[in-house]
Structure formats: C-alpha cells, structure tokens
Amino acid sequence: MIGGRATGPLSERKATCRAGSNIAFIKYWGVAGDFEDLNIPLNNSISMTLADAHTTTTVAWDDSGCLQEDTVAIDGVELVGPSAERTVAHLDRLRAIAGVSYRARVVSNNNFPMASGIASSASGFAALTVAGAAALGLHLDATRLSAVARQGSGSASRSLFGGFVEWERGWGGESEAKRGESESNSLLDSRSVARQLHSEDHWALRDVIAIVSTGAKRVSSSSGHRLAATSPLNAARTGCVGAWLETVRRAIAERDLCLLGPILELDALAMHGVMMTSTPSLLYWQPGTLEVLQAVRTWREDEGVPVYFTIDAGPNVHLICEAEAAAEVERRVGALPAVGRVLTSGPGTGPELLDGHLI
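No experiment lies behind these values; they were computed from the predicted model shown.

Caption draft 1: Local environment of the pairing of strand S3 (residues 71–74). Note that S3 and strand S5 (residues 103–110) share 4 bridges and pair parallel. For Ile74, the partnering residue across the bridge sits in S5 and is Ser108. For S3 and strand S4 (residues 77–79), the ladder comprises 3 bridges, and the chain directions are antiparallel. The residue bridging Ala73 from the neighbouring strand is Glu78, located in S4. Linkage of S3 to S4, two consecutive antiparallel strands, is achieved through a turn of 2 residues, within which Asp75 is found at a positive phi near 50 degrees.

Caption draft 2: Highlighting the nonpolar core. Membership of the largest hydrophobic core comes to 38 residues, with the highest contact counts inside it found for Val59, Trp61 and Leu160. Formed by 28 residues, the second largest nonpolar core is a distinct cluster that contains Ile46, Ala251, Ile252 and Ile263.

Caption draft 3: Representation of helix H7 (residues 257–276) within the structure. The end-to-end C-alpha distance of H7 is 28 Å, a good match for the 28 Å that 20 residues give at a rise of 1.5 Å each. Counting buried residues along H7, 14 of its 20 residues qualify, which places the element largely inside the surrounding structure. By the N-cap criterion, in which a side-chain oxygen at the helix start approaches the backbone nitrogen of a residue two or three places on, H7 is capped by Asp256, the distance to Cys258 being 3.1 Å.

Caption draft 4: Spatial organisation of the sheet that holds strand S10 (residues 317–322). Pairing within the open sheet is antiparallel, and its 4 strands lie in the order S9-S10-S8-S11. With partners counted over all chains shown, the strands left at the sheet margins are strand S9 (308–310) and strand S11 (341–345), one partner each. Each strand of the sheet is rotated relative to its neighbour by a mean of 25 degrees, with strand direction disregarded. With respect to the sheet, H7 is in contact with strand S8 (205–211), S9 and S10, its orientation differing from that of S9 by roughly 35 degrees. Packed onto the sheet, helix H9 (residues 323–334) meets S8, S10 and S11 and runs at close to 145 degrees relative to S10.

Caption draft 5: Structural detail: the packing of aromatic side chains. Applying the stated criterion to the full structure yields 2 aromatic pairs. On the numbers, 4.6 Å between centres and 70 degrees between planes, the contact of Tyr28 with Trp167 is edge-to-face. Of the two residues, Tyr28 is situated in the loop between strand S1 (12–26) and strand S2 (45–62) and Trp167 in strand S6 (residues 164–167); the sequence distance between them amounts to 139 residues. Relative accessible area serves as the criterion here: at 9%, Tyr28 is assigned to the buried category. Judged by relative accessible area, Trp167 falls into the buried class, the value being 0%.

Caption draft 6: Seen up close, the pairing of S8. Counting buried positions over the 7 residues of S8 gives 6, a clear majority of the element. Here 5 bridges tie S8 to S11, and the two strands are oriented antiparallel to one another. Following the sheet pairing, Ala210 is matched in S11 by Val342.

The rules behind these values
- Residue indices follow the written sequence of each chain, beginning from 1 at its first position.
- Thresholds applied to this predicted model are a pLDDT of at least 70 for local features of residues and 80 or more for the giving and counting of side-chain atom pairs; totals over whole chains, interfaces and linings are not thresholded and use all residues.
- By convention in this description, side-chain values take in all heavy atoms of the structure and omit both hydrogens and water.
- The pairing criterion for strands is at least two bridges between them, as found by DSSP.
- Helix numbering and strand numbering both begin at the N terminus, where a helix is a DSSP run of H or I of at least 4 residues and a strand a DSSP run of E of at least 2.
- In these notes, a set of buried Ala, Val, Leu, Ile, Met, Phe, Trp, Tyr and Cys residues joined through side-chain atoms within 4.5 Å is what counts as a nonpolar core.
- Under the scheme applied here, a residue whose accessible area is under 20% of the maximum for its type counts as buried, over 50% as exposed, and between as partly exposed, the area being computed with a 1.4 Å probe on protein chains only.
- Here, expected helix span is obtained from the residue count minus one, scaled by 1.5 Å.
- Polar contact is defined as a pair of N or O atoms within 3.5 Å, subject to the rule that within protein one atom must be able to donate a hydrogen and the other to accept it, and that residues adjacent in sequence are counted only when both atoms are side-chain atoms.
- All axes here are fitted lines through C-alpha atoms, helices being fitted over the stretch that makes contact, and every angle between N-to-C directions spans 0 to 180 degrees.
- Here, two residues are considered to be in contact whenever any of their heavy atoms come within 4.5 Å of each other.
- Centre distance within 6.5 Å is the pairing criterion for rings of Phe, Tyr and Trp, where only the six-membered ring of Trp is used; planes under 30 degrees apart are then read as stacked, over 60 as edge-to-face, and the remainder as tilted.

Quick look at the structure:
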C-alpha cells in the first residue's frame, strides 16, 4: 500500500516522494481518439523502471485556506500560467478524489535533464501522484495510483512499479455509452493501468543514456501523442505491436538480450517514423542522435559489443546492455564527440516516500 503518511503542522499536510523514470522497450505513442482526456494508449507498452534517473517531489496541502492558488516549482524555477496548468490539473484530480479544495505548494527536483527524452514526465507525475495522495491521507494501492498517474502522463502509470512493467491499454472496444456509465469513477478506473512483470532483481540490465542535448524539446510528448493518428505509418506500427509485445515478454522472462535487442531498435525506429510522418512532422533527432545510432550498430556488428539502442521522444539515446558490458559501453559512448554526458542506471524500485522534504 502506497500512501497515508503525512507530516507537518495542522495547517499543512505534507509528503515527499521519489519516483524513477522508465525506459520503454515497447513504446507508448498515440492516444485513443475517444479517450484523449484519459490518456488511453493505442497499444500496451513495456518498460524498465530506472534506479538512477528519478524525480523527488514534495506536495504541501494548505488546509487552513490561507493559500489562494497552487504554486509549482521544478528544478528551482517557479512555473506560472500555461506552464503550470498541467500540474495544477493533476492536483485537481487529487482534490476531486479526496473531496477537498485545499491549495498546494509543489516543489520538484530531477537528477537528469527534463523534457529531453528521458521520461521526466513519467517520474514527475508518479512522484506528484504518490506524494499528493499520501499528504491527503488517501489509502490507494499502486494499481489505483497508476490509474491516476496515467491521466497526468501516460508513461507515469508504469513508474508506479519497480523492475519490468507492462501498461495495459484496457479500454479496447469501450463504447461511449459504457464509458459514460463509469465516468464518475474514471479518476480511479483501473482498466488501463500498469502491472509488474518482474521485479528489479530479475535481470541485471543497464540503460546507458547518451545525452546529446539537455535542452527541452520544442514539441512536448503530450502534444505529439495527438499527432500520431495523422501519420500514414501509425496503423502499420500498431498492427505489429502485438507480436512485438509477445517477443519482449519472453525475452525479459528468459533474460535474453539477443531476443530483446532487435525489437527494441525496431519499435523505436517505427515510433520515430510515425513522428516524422505526422502532420506537422516531428523530428526529435539531432546530428548527435544519428552519430550514436551508427556507432552502436558498428560496435555490435563489427566488434561484438552486446548493446542495442532505443530512443524515447527526444534526441537522447538509451543503450541497453547487460551489467558486465556496461563499463565498456560507457567508455565508448562517452568518447563520442556528440555526447556531453552519460547517465547509467539499472532497474529500480517503485516510488518511495521520504522523511525529508524539499519545502
């Protein structure tokens, strides 16, 4: 059970959570047209929660009524206007579940560049959901928290669990009429939620992240998802995902990188093909992105280094290998001219509530 612990004076209910980002092996890209407001994906996705790329968030609810509006600060920058709206909308969801009108102070810090293709929204909204619910005294299990986090950021649903995780689409075939029957309970609806496939101890994989840009991308993932349907390649990709999911589940269960790796690369390239052929076109890659991709293929095919790539919605490249190869992969990728920083992580746990607070 996650939630239920709050600290602070009577006028303020406070909790702090640290949640890991995740790297998707089979991607989430595109939302079902009838359910855009609920972030229902076009297909299931599978990911690995990261131990060493995480967000720490403190939520302090003011139950005295003194705070007139929500305040949000991320990495030392106070957000105002439209930049804060997504966070405030998520606080509204938590307020609706708890039946309160308290305003909140939110402070959040990342230990990696946000909005650059390392799933900062996944760790951010997972941490916000858990901390916000805990501070309100909501006793919600990880599955229900996953349903809530999904509505802030789809991939955040996966960061509610450690290790290797599958987010299930869940709403397939739902009619608008049937949806309407459960609309009042949609905030906690558990039809589209994540579940753990294997714990973080199951397989010593490593994600060696080649950071070629720390800048925020010009088009957010949340905006990009709504463009997927405009691509002529979108239906072809989603039509293939079912078979890819089966292969990835088996590869993880059997700890078989040679089975997993080709599918990682195939789905990443397919997803970016959808992005590039959407209207308007999304081109997240930079010259350094392609430099890393070419290098990985050369290392593996010509020199026998067991490493594969995947890319989320951004320019930075995730190199997936087993623990014994990580040092060599780090050395090689760190020497590439385009790579400014290397961040390596193994599988991590689910969100943790912390005793110390950011405010």
